[in-house]
Amino acid sequence: MGVWLETTELKRRQFLSEIMLNELNDYQFFAYLDDKTTIVPDFFLRLLPKKILQQCYQGLEQKVLPKLKVTSDHQVLQLVILFAICLVRSKKHPVKVELKDQLLRYQALVYAFLSAVDKELEQNELTYLAYQLKKGDQNAKSFTYTDEYELAVSLKVKALIALVSQEMKFDFSRDLVFFKKLSRHVITLLKQPHQGLPNVRIETLARIKNDHPELFACVKRAWKEIFFEQTISETELQLILLYFASQYVETKRSDKLAVLIVCENVIGTSSLLKQRLKKELPQVEHFKLARIQELNELELAEYDIVLSTLRLPGFPREYQIVSPLLTKEELMRLKTYIKDYQRKYFAKVATRKNKQFNGKLPQTLSFIAATAFFCSELVNELQVKKIDNAGLDLQQTIEKLVSEIGNNIILNEAKVVTALEKRERLAPIGLPDSSLALLHTTSCAIKRCHFAIFELTEPITMQAMDQRLIAVKRMLVSLVPENMSQIEQDALGTISSMIIMNDDALTLFEQGDQKTLQSEQAKRFLKEIKSGIPI
């Protein structure tokens, strides 16, 4: 007994991979590949040659997975199966796939994979695998609910976001990745309340609160209204603020709107619809036509409003249905909808309030010069060092990091190690959705401010701020003397904000080399200094 599928090769591969994913156990699969089990493989494990599966796993592990945001074993299993199916069927059952510009990065990863496994594929198969990597990379950001409780919490999170958006006049609901990350954090927090952050002052979070007092007050009020049955600590509220603040600061805003139009095709009547909307809606600066198949490739957060000529069951964003010919009634409804959207979210511009230097001009000039000098020192001293921590636990790794910094920064290594260990025990220092930990302390045993990055030869499993376990590959070490000047506080605050409030910067700290990181820090410092020059 078996399955016969009369369809395209693409559908056959999809169907086979989905069956195997549903039937295979992650643990048993990887144990089978590593030869760590004597269990006779079940029927589904025998569908693909073990040698091919092992080659795919090793090639992906070496050349591909470190470049993707893959966060679960199940996602790795999915990619291994898809790649193995491709290698097995490509010669006798080739696929036909259209190459798109957005796949070029993933195509390069496929080339790296093929060099690792010493295989060759036709261009169509290369493109097919590149598309699977792109989907896998996006799926790393996906979020599913395992039970009704999680679904109920996510609906409350959506209400929380709507309430904060309405009060702050800023549409936080546009970014689905933000919603998924916040939902995941809140679900974890409420399921394991005893593992939440302690109600103690954590400088990095306290600084974000001080920078955004209005937004913090709004988040606090919204939490009390929506999650009235769940009381959380001030520190946990600050961490929730962090999710909102990162959106509030980094999202570029304009008085003009961006509109996405989803349609069956991007020619003919759809193009006419776009031209008519351009004429009738002068407040819209940018229109984008997209087919349904393209939606996974778009950053939906870039668009204020979504219109569609088709119904989109399960689409995660609010959208308006319009006909390709756009009747007068539809146009009136659309104009009213857009006016209401602008009233709700564009009443004030959501931009970061840059710190202004105070005092008379001569004193201000001296202050700016001192700031520039200190920032220059921090940038020039920044190093990315590789540390061999093979066989070392966290405490031993911290000791080794401190010994690498040197006595021009540290007066007493033992005291600094003790202070860092104490801070690590106080609350999680891992950065959510990353391979980074921010190890920091203030101590009288530190001579002057210092920021360094240490790349570990062996990842260390640590708890992130959202209570999830992450594999830390780089330690960001920030050392501060007891008596800091305002200049020093502001400069180190800028570095902290860079790390924890911007996904692109987070990736840079994960993967960037010394020269690139120095350049990016200098750029950010210059931006902060220029914003405060009162002339």
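Reading guide: rules and limits
Residues numbered from 1 in each chain as written. Predicted model: local features only at pLDDT ≥ 70, side-chain atom pairs only at ≥ 80, totals over all residues. Heavy atoms only, no water. Helix = DSSP H or I, 4+ residues; strand = E, 2+ residues; numbered from the N terminus. Buried < 20%, exposed > 50% of the residue type's maximum accessible area, 1.4 Å probe, protein only. Contact = heavy atoms within 4.5 Å. Areas by Shrake-Rupley, 256 points an atom, 1.4 Å probe, with all protein chains shown as cover. Axes fitted to C-alpha atoms, helices over the stretch in contact; angles between N-to-C directions. Parallel < 35°, antiparallel > 145°, perpendicular 65-115°, else oblique. Left-handed = near helix turned anticlockwise from the far one by under 90°. Nonpolar A, V, L, I, M, F, W, Y, C, P; charged D, E, K, R; others polar. Core = buried A, V, L, I, M, F, W, Y, C linked by side-chain atoms within 4.5 Å. Pairing = 2+ DSSP bridges. Salt bridge = Lys/Arg side-chain N within 4 Å of Asp/Glu carboxyl O. Expected span 1.5 Å × (residues − 1). Arc of directions from axis to C-beta. Polar contact = N/O pair within 3.5 Å; in protein donor to acceptor, adjacent residues only side chain to side chain.

(A) Seen up close, the overall build of the protein chain. Across its full length, the protein chain carries 19 helices and eight strands. Within the protein chain, buried positions represent 47% of all 535 residues. For the protein chain, the share of sequence-separated contacts (at least 6 apart) that also reach a separation of at least 24 residues comes to 75%. Summed over all atoms, the accessible surface of the protein chain reaches about 28,100 Å², with 52% contributed by carbon and sulfur.

(B) Spatial organisation of the environment of Glu413. If you trace the backbone, Glu413 turns up in helix 16 (residues 413-426). What makes Glu413 partly exposed here is its relative accessible area of 39%. Here the alpha-carbon distance between Glu413 and Glu399, two residues 14 residues apart in the chain, equals 8.1 Å. Those residues in contact with Glu413 that sit more than four places away from it in its chain are Val402 and Ser403.

(C) The packing of helix 15 (residues 394-405) against helix 16, seen in detail. At a minimum axis distance of 10 Å, the contact between helix 15 and helix 16 shows a crossing angle of 135°. In terms of orientation, helix 15 lies oblique with respect to helix 16. The two elements helix 15 and helix 16 cross, and the hand of that crossing is right-handed. For the pair formed by helix 15 and helix 16, the contact residues are Leu394, Gln395, Ile398, Glu399, Val402 and Ser403 on the first element and Glu413, Val416, Val417, Leu420, Glu421 and Glu424 on the second. The residue makeup of the contact of helix 15 with helix 16, split by class, is six nonpolar, two polar and four charged.

(D) Region of interest: the packing of helix 7 (residues 148-168) against helix 8 (residues 176-191). Across the interface, helix 7 lies against helix 8 with an axial gap of 9 Å and an inter-helix angle of 125°. The orientation of helix 7 relative to helix 8 falls into the category oblique. Where helix 7 crosses over helix 8, the two elements pack in a sense that is right-handed. Contacts from Tyr149, Glu150, Val153, Ser154, Val157, Lys158, Leu160 and Ile161 of helix 7 reach helix 8 at Phe178, Phe179, Leu182, Ser183, Val186, Ile187, Leu190 and Lys191. For the contact of helix 7 with helix 8, the class distribution of residues is 11 nonpolar, two polar and three charged.

(E) Region of the structure containing the nonpolar core. Grouped together as the largest cluster of nonpolar side chains are 60 residues, with contacts concentrated most on Phe172, Leu182, Leu215, Trp223 and Phe244. Looking at this core element by element, the count peaks at nine residues for helix 11 (residues 234-250). Phe30, Leu33, Ile52 and Leu133 belong to the second-largest nonpolar core, a separate cluster that totals 42 residues.

(F) Examining the sheet that holds strand 7 (residues 450-463) more closely. The four strands are arranged 5-7-8-6 in an open sheet whose pairing can be described as mixed. Two strands close off the open sheet at either side, each with one partner strand: strand 5 (384-387) and strand 6 (436-443). For this sheet, the mean inter-axis angle between neighbouring strands, taken without regard to orientation, is 30°. Inspection of the sheet shows strand 7 paired to strand 8 (residues 469-481) by 10 bridges, in the antiparallel sense. From the neighbouring strand, Met462 faces strand 8, where its bridge partner is Ile470. This element, helix 15, spans strand 5, strand 6, strand 7 and strand 8 of the sheet and lies at about 160° to strand 7.

(G) Structural context of the pattern of salt bridges. Counted according to the given criterion, the structure contains 12 salt bridges. When the shortest N-O distance is used, the salt bridge between Glu280 and Lys335 registers 3.5 Å. With Glu280 in helix 12 (residues 269-280) and Lys335 in helix 13 (residues 328-345), this pair connects stretches of sequence that are 55 residues apart. Measuring nitrogen to oxygen at the nearest pair gives 2.9 Å for the salt bridge that ties Arg474 to Glu455. With a gap of 19 residues between them, Arg474 in strand 8 and Glu455 in strand 7 connect regions that are remote in the sequence. Judged by its relative accessible area of 6%, Arg474 falls in the buried class. The exposure class assigned to Glu455 is partly exposed, which follows from its relative accessible area of 26%. Bridged by salt links that share partners, the residues Glu9, Arg12, Arg13, Arg89 and Glu125 form one connected network.

(H) Focus on the pairing of strand 3 (residues 305-308). Burial along strand 3 is two-sided: Ile305 and Leu307 and Val306 and Ser308, pointing in opposite directions, are all buried. Of the strand pairs in this sheet, strand 1 (residues 257-263) and strand 3 are connected by four bridges, and their pairing is parallel. Of the residues in strand 3, the one forming a bridge with Val259 is Ile305. Looking at chain direction, strand 3 and strand 4 (residues 320-321) are connected through two bridges and run parallel.

(I) Summary view of helix 15. Across its 12 residues, helix 15 extends 17 Å between first and last C-alpha, which sits within 8% of the 16 Å expected from 1.5 Å per residue. Every buried residue of helix 15 is listed here: Thr397, Ile398, Leu401, Val402 and Ile405. Buried residues of helix 15, seen end-on, are gathered within an arc of 135° and therefore sit on one face of the element. Where helix 15 is buried, its residues meet strand 5, helix 16, strand 6, strand 7 and strand 8. The N-cap residue of helix 15 is Asp393: its side-chain oxygen and the backbone nitrogen of Gln395 are 3.3 Å apart. Of the residues trailing helix 15, Gly406 is marked for its positive phi of about 105°.

Everything listed here is a matter of geometry and, on its own, says nothing about what the molecule does.
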